[in-house]
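Observations on chain architecture
Take a look at the letters that make up each chain.
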Amino acid sequence: MLLARLVNEALKSSFAGLECCVGIPGTVGGAISMDAGTRHEWIGRAVRDLVVLDPGRGLRRYEGSEIEWGYRHTSLGPSEIVLEATFELESGVKEAIGREMDDRLRRRRQSQPAGKATCGSVFRNPGDRSSGELIESCGLKGFRVGGAQVSEVHSNFIVNVGGASAADVVAVMRHVHDEVLARQGVDLQPEVKLLGFAS
Ligand SMILES: Cc1cc2nc3c(=O)[nH]c(=O)nc-3n(C[C@H](O)[C@H](O)[C@H](O)COP(=O)(O)OP(=O)(O)OC[C@H]3O[C@@H](n4cnc5c(N)ncnc54)[C@H](O)[C@@H]3O)c2cc1C
């Protein structure tokens, strides 16, 4: 199921608790495995229980409280596939939930390169610091390799400005990582997963 559909169903039924997931692309399973959300709130907090398949080992049910949830982190094993999730949400007032979701969507559209081809935030925010601000402070806004460019709107996004290959995106990531390490002494860690490239 798409996460957007779950969020929409919650709104239609006047259930609060998934507002932090509004505007995040992908599926519910993907969101649970990454513990998607914002820096301070995430989907795992609303999970009551899960059914996962661990290939070769079979099905397993977890209570939400048995799992460690955190900023883009869960204690689920890398081979565990989320098949089902039950959410515990709070009864709320539909108009208030809708307003909260609209506000979040507006802020997202103002601060992120909406409508552009990106993979979302590239690096995790280190502690209380913002990866976007660190990258910008190194003068890397607009830095480009091939068709991949550090977004002019938010420096923690890489935009495909035309014909970018995965290698272009990774080259931008590596340059950004190395510059921020050299100039700010911060070892940025990717939020995105790299397939086919050494991390
Ligand atoms: C424009 C943009 C904005 C974004 N903004 C945010 C944001 O604000 N907050 C945030 O947290 N994320 C954000 N993201 C990232 C987004 O959350 C992830 O791309 C999405 O959650 C991944 O879900 P997916 O279904 O596309 O999974 P995939 O990209 O297909 O997979 C992602 C990971 O999840 C695993 N996975 C997928 N499905 C399952 C499953 N059923 N069971 C177990 N593991 C699974 C995959 O193996 C992989 O490791 C953004 C992405 C984009 C492009």
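Residues numbered from 1 in each chain as written. Predicted model: local features only at pLDDT ≥ 70, side-chain atom pairs only at ≥ 80, totals over all residues. Heavy atoms only, no water.

**Here we look at the environment of Val150**
For clarity, the threshold we go by: Secondary structure elements are taken from DSSP: a helix is a run of H or I of four residues or more, a strand is a run of E of two residues or more, and numbering for both begins at the N terminus.
Secondary-structure assignment places Val150 in strand β9 (residues 148-150). Val150 sits 136 residues away from Ser14 along the chain, and the two C-alpha atoms are 39 Å apart.

**A look at the sheet that holds strand β8 (residues 144-145)**
Short version of the rule: For two strands to be treated as a pair, DSSP must find at least two bridges joining them. Any two residues whose heavy atoms approach within 4.5 Å are treated as being in contact. For helices, the fitted axis covers only the stretch in contact; all axes are lines through C-alpha atoms, and the angles between them, taken along N-to-C directions, range from 0 to 180 degrees.
Taken in spatial order, the three strands make up an open sheet running β8-β9-β10, and their pairing is antiparallel. Both edges of this open sheet fall to β8 and β10 (158-160), since each of them pairs with a single strand only. Judged from the two bridges that link them, β8 and β9 form a sheet pairing that is antiparallel. Paired with Val145 across the strands is Ala148, a residue of β9. On the sheet, helix α5 (residues 166-184) packs against β8, β9 and β10 and is oriented at approximately 30 degrees with respect to β9.

**Examining the domain arrangement of the protein chain**
Definition in use: Residue ranges for the domains trace back to a domain assignment, done automatically or taken from a database. The term buried area means the drop in 1.4 Å probe accessible area that two parts suffer when joined, counted for both and summed. When a carboxyl oxygen of Asp or Glu lies within 4 Å of a side-chain nitrogen of Lys or Arg, that pair is called a salt bridge.
Assigned domains of the protein chain: these are domain 1 (3-111) and domain 2 (115-199). The straight-line distance from the C-alpha centre of domain 1 to that of domain 2 is 25 Å. Across the contact, six residues belong to domain 1 and 10 residues belong to domain 2. Summing both partners gives a buried area of about 700 Å² for domain 1 against domain 2, and 39% of it is carried by carbon and sulfur. Sorting the residues of domain 1 by area buried against domain 2 places Arg39, Tyr71 and Arg72 first, and these three jointly supply 65% of that buried surface. Counting the contacts that link domain 1 with domain 2 gives one salt bridge. Between Arg72 and Glu191 there is a salt bridge whose closest N-O contact spans 3.9 Å.

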